[in-house]
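Descriptive structure summary
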Amino acid sequence: MVKFPARRLIVLALVSLLWAVACSPQTSTTSSSSPSSPAPQPQVLISGINPWPGYSGHYVALQKDFFSQEGIKVQETFFQSATEGITAFLAGKVDVGWVTSGDAVQMISKDPSIRMFYVVDYSNGSDGILGHNINSPKDMKGKTVARENILFEKVLLRSYLEKGGLTEQDVITRDLTAADAAAAFAAKRVDAAVSYEPWLTKAAKESGGKIIFTTKDTNLIADVLVVRQKLIESRKAELQAYLRAIDKGVKLVNSGDEEAIKIAAQKLGVTPEEAKEQIAGVKIFDLDSNKSIAFNLNHPNNAMKNFELTARAAYDFKIVPKPLELKSLYDDSIVKST
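Residues numbered from 1 in each chain as written. Predicted model: local features only at pLDDT ≥ 70, side-chain atom pairs only at ≥ 80, totals over all residues. Heavy atoms only, no water.

Our focus in this paragraph is the packing of aromatic side chains. The full count for this structure, using the stated rule, is ten aromatic pairs. For the pair Phe 307 and Tyr 330, a centre-to-centre distance of 6.1 Å together with 45° between the ring planes defines the contact as tilted. Residue Phe 307 is found in helix α14 (residues 303-316), and its partner Tyr 330 is found in the loop between α14 and α15 (333-337); the two are separated by 23 residues along the sequence. For the pair formed by Phe 307 and Tyr 330, the shared burial category is buried. Ring pairs connect the aromatic residues Trp 52, Phe 152, Tyr 196 and Trp 199, which therefore count as one cluster. A cation sits over an aromatic face here: Lys 154 above Phe 317, 4.8 Å from the ring centre. Sitting over the face of the ring of Phe 78, Lys 267 holds its NZ or CZ atom 4.6 Å from the ring centroid. (Phe/Tyr/Trp six-rings, centres within 6.5 Å; stacked < 30°, edge-to-face > 60°. Helix = DSSP H or I, 4+ residues; strand = E, 2+ residues; numbered from the N terminus. Buried < 20%, exposed > 50% of the residue type's maximum accessible area, 1.4 Å probe, protein only. Lys NZ or Arg CZ within 6 Å of the ring centre and 35° of its normal.)

Here's what the structure looks like:
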């Protein structure tokens, strides 16, 4: 038997191995199943939101993982006031903003690429005015009123003052957030205050005053979702998934589901019973209601009427430098295609 040096045996083994590899079928390095090319991860959608019973559908969707079930990642940025949320959105720190239509009009005047694309709710009693010893709009003359210097609160106050033939020039205004305005009223530092839930009812009970005017049976205030037009165009599928997840949350809230109400109550900082009461003061829209009512020009309660009224008020108050065209305010394509 011929003996080969060990080194030569190693060389022969390597040659055999290379020959076997060369002759075997090759696997494409571009295969989608290759561990070296994982599927791209979805981008995060950042939602800017604040305490408001009408936003309960979002609170529930996030807590119950409805967003992840729809295949999207959502990060909630929680603000204590509407002003903070508006500032963050305009600074590009938020993708989807939960705001009033009045907030949206002001934002659009600063950035024309912003669009309202979904109607969250109509306030139906959850926004209002608190008063000490005020029995009629005429009694407001000369009184000190706390209100945030944002459009929807100015519209609400104007609606009440007009009933007594008054304007903001007939009262002394103090610019405070809804929470601080309610606290100032409860402490009797102001005669009246414009606020909303979860602070409106609590301040009335704690102060010995009363709620003198609300949005009950009015279409004065609508809450909406806003995004920039480029997001509608570039992330349409994600926004559709976002609305489907919200819709699941809204349906649970509107049905009175106990777990959903508890989730909302935690976000609002109230008891479940108080949350139920506050949610009853809001008409929360689901996806079907957006299609059949909110963005339906043939429906008498469509949201476009509110948008037009709000835009006109913004110009009257000199909040925007020129009148805004209705068509520049909204884009209903996501709602209609979801």
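A separate point is the sheet that holds strand β1 (residues 44-49). Spatially, β2-β1-β3-β10-β4-β11 is the arrangement adopted by the six strands of the open sheet, whose pairing is mixed. One side of each edge strand has no neighbouring strand; the edge strands of this open sheet are β2 (73-78) and β11 (282-284). Geometrically, the sheet is characterised by an average inter-axis angle of 30° between neighbouring strands, direction not taken into account. As judged from the four bridges shared by strand β3 (residues 96-100) and strand β10 (residues 222-228), these two strands associate in the antiparallel manner. When the sheet's bridge partners are listed, Thr 100 is paired in β10 with Asp 223. (Pairing = 2+ DSSP bridges. Axes fitted to C-alpha atoms, helices over the stretch in contact; angles between N-to-C directions.)

Here we come to the sheet that holds strand β8 (residues 192-196). Reading across the sheet, the five strands line up as β7-β6-β8-β5-β9 and stay open at both edges, with mixed pairing between neighbours. With one partner strand each, in any of the chains shown, β7 (172-175) and β9 (210-214) form the two edges of the open sheet. Averaged over all pairs of adjacent strands, the angle between strand axes in this sheet comes to 30°, irrespective of strand direction. With five bridges connecting them, strand β5 (residues 127-131) and β8 associate as antiparallel partners. Directly across from Leu 130, in β8, lies its bridge partner Ala 193.

The linkage connecting Glu 197 with the following residue, Pro 198, adopts the cis geometry, with an omega of 15°. Position of Pro 198 among the secondary structure elements: in the loop between β8 and α8 (200-207). Phi angles above zero are rare outside glycine, and Lys 188 is one such case at about 60°. Tracing the chain through its elements places Lys 188 in the loop between α7 (178-186) and β8. The phi dihedral of Asp 217 is positive, around 60°, even though this residue is not glycine. Considering the arrangement of structural elements, one finds Asp 217 in the loop between β9 and β10. Judged by its relative accessible area of 67%, Asp 217 is exposed.

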